[in-house]
Amino acid sequence: MATSEVKKVVLAYSGGLDTSVIVPWLKNNYGCEVVCFCADLGQEEELDGLEEKALASGASNLYVRDLREEFLTDFVYPTLRAGAVYEREYLLGTSFARPLIAKHLVEIAEREKADAVAHGCTGKGNDQVRFEVSTMALNPKLKTIAPWREWDIRSREDALAYAEEFRVPVSHTEKDIYSRDRNIFHLSHEGGLLENPWNEPESPMYQLTNEPERAPDEAEYIEIGFLQGNPNSLNGEEMNAVELFTTLNRLGGTHSIGRTDIVENRLVGMKSRGVYETPAGTIIHRAHQLLESICLDKHTMQYKDTVATKYAELVYNGMWYSKLRVALDGFVDVTQKTVTGAVRLKLYKGNIIVAGRKSPYSLYREDYASFGEEDVYNQQDAHGFIQLFGLPIKVEAMLQTEGGGTTDYMRPDYSKFKRD
């Protein structure tokens, strides 16, 4: 599709410097109408005055949709049920927001009979892949415009100069040195002094969580209820997803829960450092792990850990709408049928301390696990089990000792002895 053939574009709009500048840039370079779309995922005050700003930047219209419940129930919960964590620590707070935004971006583009969609992602990051692959999966006929891969703007100063030239209101964006992404699940921080991995994050950077030194000196107990792997109550009170996350974000933030500082491997090949604040997500992830420990058998849990790694990779890489991710959901759904119960936690100065877990489907039985003689477990049976379990090691050792030899573990290592 040639530039001249693009008559209308729907832009994923946040109101930040980049997307604000993109509005006039699209009009100037494509000669097209620009419709903006903003997904309300829990950015709170970031949404204030957004419509006025979008229209002042040159957009013909702005759609704002409250997608918090859909985000949590259809994207966050499946990922938490899967136990997916990218590179040991990242709970994927930005990653699974992008396919949801793309879904509504495409829907609005179809409603508006637009020729293309656009985003403000840079050519160095993961989000460009997540947006564009999701768009391909949902409507492969739509053109995607990525200004960062086309324009001459190369710095924040360039963008501010462009904004000034075309009278784009961006005054409040000049002060913050960090690049942030916020939703009801997390808040991420990149750039600024974080670009040097030796630098400790400065205290004023954090917005959702207390410093551990300033957290309450008294621990707080909470109880989270689960129904088939999904959290559904707090301290005995049933809550919808938005209520639950809003409350746990406040509680967790007070007790400095959910801070993560990682250097991760981006899909595009480079490493980047990010600092994340994920109070509610961290609490629910840990509680879910604890409940699974009594509800899942050994082999299912071990294989689920393997699935979790692949699931996290797919989500991080923007493959939410892939058949494999959907297929893995099928496996996870089976494992979660009995993950129902409650977990009691103690929150204290950045720590989540287990205080108890229970489930009507618990596989842990005190009478089976005791050392007493029971009908279910006869200790004499252990002898035969050990003989069979250790048979390969026994045979290997017999071959090594045949003819007077010794096993590898009995052969002395003279290199360890020093001569006086």
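Just so you know, these numbers come straight off a predicted model, no measurement behind them.

Reading guide: rules and limits
- Residues numbered from 1 in each chain as written.
- Predicted model: local features only at pLDDT ≥ 70, side-chain atom pairs only at ≥ 80, totals over all residues.
- Heavy atoms only, no water.
- Phe/Tyr/Trp six-rings, centres within 6.5 Å; stacked < 30°, edge-to-face > 60°.
- Helix = DSSP H or I, 4+ residues; strand = E, 2+ residues; numbered from the N terminus.
- Buried < 20%, exposed > 50% of the residue type's maximum accessible area, 1.4 Å probe, protein only.
- Lys NZ or Arg CZ within 6 Å of the ring centre and 35° of its normal.
- Contact = heavy atoms within 4.5 Å.
- Polar contact = N/O pair within 3.5 Å; in protein donor to acceptor, adjacent residues only side chain to side chain.
- Arc of directions from axis to C-beta.
- 1 Å grid on protein atoms, 1.4 Å probe; cavity = no way out; pocket = protein on both sides within 12 Å on 5 of 7 lines; lining within 4 Å.
- Points joined across faces, edges and corners; volume = space filled by probe spheres on them.
- Nonpolar A, V, L, I, M, F, W, Y, C, P; charged D, E, K, R; others polar.
- Salt bridge = Lys/Arg side-chain N within 4 Å of Asp/Glu carboxyl O.
- Disulfide = S-S within 2.5 Å.
- Core = buried A, V, L, I, M, F, W, Y, C linked by side-chain atoms within 4.5 Å.

Asks: Even after reading the chapter, I still don't get the packing of aromatic side chains, so can you show me in this structure?
Replies: For any two aromatic rings, the description comes down to two numbers: the centre-to-centre distance and the angle of the planes. Enumeration according to the criterion identifies 15 aromatic pairs in this entry. When the ring of Tyr86 is compared with that of Tyr316, the centres are 3.7 Å apart and the planes differ by 5°; the resulting orientation is stacked. Pair noted here: Tyr86 is in the loop between α3 (68–82) and α4 (98–111) and Tyr316 is in helix α9 (residues 298–316), with a separation of 230 residues, a long-range link. Side by side, Tyr86 and Tyr316 carry an identical accessibility label, which is buried. Every member of this aromatic cluster is reached through a ring pair, and the members are Phe71, Tyr77, Phe96, Phe185 and Phe245. Looking at Arg130, its charged tip hangs above the ring of Tyr316, at a distance of 4.9 Å from the centre.

Asks: Any chance you could explain the environment of Arg266 here in plain terms?
Replies: Note that Arg266 resides in the loop between β11 (259–265) and β12 (271–277). Aside from chain neighbours lying at most four places away, what touches Arg266 is Lys124, Gly125, Asn126, Glu190, Ser272 and Tyr316. Polar contacts involving the side chain of Arg266 include one to the main-chain carbonyl oxygen of Lys124, which spans 3.2 Å.

Asks: Please explain helix α6 (residues 156–165) as it appears in this structure.
Replies: One turn of the α-helix equals 3.6 residues, which is why residues spaced by three or four share an orientation. When we look at burial in α6, the residues that qualify are Ala159, Tyr162 and Ala163. Taken around the axis of α6, the buried residues stretch over an arc of 100°, which confines them to a single face. Turned more than 90 degrees from where α6 packs its buried face, Glu157, Glu164 and Glu165 sit exposed. At the exit of α6 stands Arg167, carrying a positive phi of roughly 55°.

Asks: Where do I start with the layout of surface pockets in this structure?
Replies: Any empty space left between the atoms is revealed when a probe the size of a water molecule rolls over them. Roughly 290 Å³ of volume is contained in the second largest pocket. Lining the second largest pocket are 15 residues; nearest its centre among them are Gly83, His285, Gln289, Asp305 and Ala308. Residue contributions to the lining of the second largest pocket peak at five residues, all from α9. Of the residues belonging to the lining of the second largest pocket, the class tally is five nonpolar, five polar and five charged.

Asks: Explanation requested: empty space enclosed by the protein in the structure shown.
Replies: By the definition in use, this model includes one cavity of 30 Å³ or more. A volume near 40 Å³ is recorded for the largest cavity. Residue lining of the largest cavity: Leu105, Val117, Ala118, His119, Phe131, Glu132, Thr135 and Thr144, and that is the complete set. Contributing elements (two or more residues each) for the lining of the largest cavity: β4 (116–118) and α5 (127–138). Counting residues per element, the lining of the largest cavity draws most heavily on α5, at three residues. A breakdown of the residues in the lining of the largest cavity according to their chemical character gives four nonpolar, three polar and one charged.

Asks: Is there a simple way to explain the side chain of Arg325 in this structure?
Replies: Relative to the helices and strands, Arg325 resides in helix α10 (residues 323–335). Assessed through its relative accessible area of 7%, Arg325 is described here as buried. Engagement of the side chain of Arg325 in a polar contact is seen with the side chain of Tyr311, the distance being 3.3 Å. Not counting chain neighbours up to four residues away, the residues in contact with Arg325 comprise Tyr311, Leu314, Met319 and Trp320.

Asks: Could you clarify how one ought to interpret the pattern of salt bridges in this entry?
Replies: For side chains bearing opposite charge, pairing can occur when the charged atoms are close. Counted according to the given criterion, the structure contains 19 salt bridges. Put simply, Arg130 and Asp127 hold a salt bridge, and the shortest N to O gap is 2.7 Å. Taken together, the residues span about one helical turn, with Arg130 and Asp127 both in helix α5 at a distance of three residues. Of the two residues, Arg130 and Asp127, both sit in the buried class. Each of Arg98, Asp127, Arg130 and Asp181 takes part in a single network of salt bridges with overlapping partners.

Asks: Whenever I open this one, the state of the cysteines confuses me. Can you help?
Replies: Within this structure, the stated rule accounts for zero disulfides. As a non-bridged cysteine, Cys32 has Cys36 as the owner of its nearest cysteine sulfur, 11 Å distant.

Asks: Looking at this model, I keep getting lost on the nonpolar core. Mind explaining?
Replies: Across soluble globular proteins, nonpolar side chains have a tendency to be buried as a group. Phe71, Phe245 and Leu248 are the most contacted members of the largest nonpolar core, which totals 73 residues. In terms of residue count, helix α8 (residues 279–295) provides more of this core than any other element does, eight residues in total. Sequence-distant contacts of Phe71, that is, excluding residues within four places in its chain, are made with Leu41, Val76, Gly93, Phe96, Ala97, Leu100, Asn183, Ile184 and Phe185. In terms of nonpolar packing, the next biggest core, distinct from the first, is built from 31 residues, Val6, Ile22, Leu50 and Ala54 among them.

Asks: Would you explain the environment of Asn196 in this entry?
Replies: Within the fold, Asn196 resides in the loop between β7 (187–190) and β8 (220–227). C-alpha separation for the pair Asn196 and Ala161, spaced 35 residues apart in sequence, amounts to 27 Å. Within the local environment of Asn196, its side chain forms a polar contact with the backbone nitrogen of Trp198, the two atoms lying 2.9 Å apart.

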